[in-house]
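Commentary on secondary and tertiary structure
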Amino acid sequence: MNFLLISKVYKIIELAELIYCLKSPDIPETFLDKLSNYLEDFEMTGRTSIRVLHKYVDDFSSDEKGQVIALIWLGQYVSCEQPLDLNDLTAQALHLIPQNYTTSYIIEKAFLAKYLRSGLNKINNNHCNN
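These figures come from a predicted structure and were not determined experimentally.

Approximately 180 Å³ is the volume attributed to the second largest pocket. Lining the second largest pocket are 13 residues, and of these Leu-4, Gln-67, Leu-71, Leu-86 and Ile-123 sit closest to its centre. At the level of elements, helix H1 (6–19), helix H4 (62–76), helix H5 (86–96) and helix H7 (112–129) are the ones that each hand at least two residues to the lining of the second largest pocket. Split by residue class, the lining of the second largest pocket holds ten nonpolar, three polar and no charged.

H5 packs onto H4 with a crossing angle of 110° between their chain directions and a minimal axis gap of 8 Å. Classified by the angle their axes make, H4 and H5 are roughly perpendicular. The element H4 and its partner H5 pack so that their crossing is right-handed. Every residue of H5 that contacts H4 at Ser-62, Asp-63, Gly-66, Gln-67, Ile-69, Ala-70, Leu-71, Trp-73 and Leu-74 is listed here: Leu-86, Leu-89, Thr-90, Gln-92, Ala-93, Leu-94 and Leu-96. Of the residues assigned to the contact of H4 with H5, the class counts are ten nonpolar, five polar and one charged.

On inspection of all chains with the given rule, the structure shows four aromatic pairs. One aromatic cluster is present, formed by Trp-73, Tyr-101 and Tyr-105 through successive ring pairs. The ring of Phe-60 has Lys-8 sitting right over it, with the charged end atom 4.8 Å from the ring centre. One residue, Lys-114, lies across the ring of Phe-111, its end atom 5.6 Å from the ring centre.

Turning our attention to the pattern of salt bridges. Within this structure, the stated rule accounts for four salt bridges. A salt bridge links Arg-117 to Glu-17; the nearest nitrogen and oxygen atoms lie 2.4 Å apart. Separated by 100 residues along the polypeptide, Arg-117 in helix H7 and Glu-17 in helix H1 bring together distant segments of the chain. The partly exposed category is assigned to Arg-117, whose relative accessible area is 37%.

With that settled, consider H5. When H5 is considered as a whole, its buried residues turn out to be Leu-89, Thr-90 and Ala-93. The buried residues of H5 occupy an angular sector of 100° when the element is viewed end-on, so they sit on one face. Away from the buried face of H5 by more than 90 degrees, exposed residues Asn-87 and His-95 are located. Looking at the buried side of H5, the elements it contacts are H4.

Here the focus is H1. Taking 1.5 Å of rise per residue, the 14 residues of H1 would be expected to cover 20 Å, and the 20 Å separating its terminal C-alpha atoms lies within 8% of that figure. Those residues of H1 that fall on the buried side of the exposure criterion are Val-9, Ile-12, Ile-13, Leu-15, Ala-16 and Ile-19.

As for its placement among the helices and strands, Phe-60 is situated in the loop between helix H3 (50–58) and H4. Measuring from C-alpha to C-alpha, the distance between Phe-60 and Leu-4 comes to 8.7 Å, with 56 residues separating the pair along the chain. Not counting residues up to four positions away in its chain, the partners in contact with Phe-60 are Leu-4, Lys-8, Ile-12, Lys-65 and Val-68.

What counts, and where the lines are drawn
- Throughout this description, residue numbers start from 1 for each chain and increase along the sequence as written.
- pLDDT decides what is reported in this predicted model: residues at 70 or higher carry local features, side-chain atom pairs at 80 or more are listed and counted, and totals for whole chains, interfaces and linings draw on all residues regardless.
- To obtain the side-chain values, all non-hydrogen atoms of the structure were used and water was disregarded.
- Here a cavity denotes a set of grid points, spaced 1 Å apart and computed over the protein atoms alone, in which a 1.4 Å probe fits but from which it cannot get out, and a pocket denotes an open set meeting protein on both sides within 12 Å along at least five of seven lines; residues with an atom within 4 Å of a point are reported as lining.
- Grid points are joined across faces, edges and corners, and a volume is the space filled by probe spheres set on the points.
- A run of H or I in DSSP counts as a helix once it spans at least four residues, and a run of E counts as a strand once it spans at least two, with each numbered from the N terminus.
- Classification used: nonpolar for Ala, Val, Leu, Ile, Met, Phe, Trp, Tyr, Cys and Pro, charged for Asp, Glu, Lys and Arg, polar for all others including Gly.
- Every axis corresponds to a line fitted to the C-alpha atoms, with the helix fit spanning only the stretch in contact, and the corresponding angles, defined between N-to-C directions, vary from 0 to 180 degrees.
- Each angle is binned into one of four classes, with values under 35 degrees roughly parallel, values over 145 roughly antiparallel, values of 65 to 115 roughly perpendicular, and all other values oblique.
- Take the far helix as your reference; a near helix turned counterclockwise from it by less than a right angle gives a left-handed crossing, and one turned clockwise gives a right-handed crossing.
- The criterion used for residue contact is that any of the two residues' heavy atoms lie within 4.5 Å.
- The aromatic pairing rule takes the rings of Phe, Tyr and Trp, using the six-membered ring of Trp, and pairs them if the centres are within 6.5 Å, calling planes under 30 degrees apart stacked, those over 60 edge-to-face and the rest tilted.
- Geometrically, a charge over a ring is one whose NZ (Lys) or CZ (Arg) sits within 6 Å of the ring centre while staying within 35 degrees of the ring normal.
- Salt bridge, as applied in this entry: a Lys or Arg side-chain nitrogen positioned within 4 Å of an Asp or Glu carboxyl oxygen.
- Any residue under 20% of the maximum accessible area for its type is buried, any over 50% is exposed, and the rest in between are partly exposed; the area is computed with a 1.4 Å probe on protein chains only.
- It is the directions from the helix axis to the C-beta atoms that the arc portrays.
- A helix is expected to reach a length of 1.5 Å times the quantity of its residues less one.

Written as structure tokens, this is what we have:
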């Protein structure tokens with residue numbers, strides 16, 4: 001099994017934040033924001049495109065993609081009280097998510113950076129408590 005490097009996780013977080021930067025709901029969308037979003041949909045801007053993230057994640061091995069999904073699930077769903085077994089979550093991810101869909105499954109999460117950070121924090125907290 002290939003182990004996912006922490007640097008790869010941080011690169012996904014960085015790209016996801018560039019792509020899915022969420023605006024504060026208190027700030028109204030301006031004409032320029034709307035135009036930028038429209039042009040981004042047609043990939044005419046210089047901003048980071050989801051294709052960059054897709055290409056980056058698509059180059060991962062199936063084991064690495066399974067580990068990213070497990071980390072997302074850990075950050076999104078698993079409570080802090082539950083024991084953390086990343087290997088079991090990875091096996092479940094590899095079993096449940098079709099291999100040809102894993103990249104899309106990963107990159108289509110608007111809160112991808114948040115989930116990955118939360119998953120890393122849960123692993124770190126569990127490791128420090130043991």
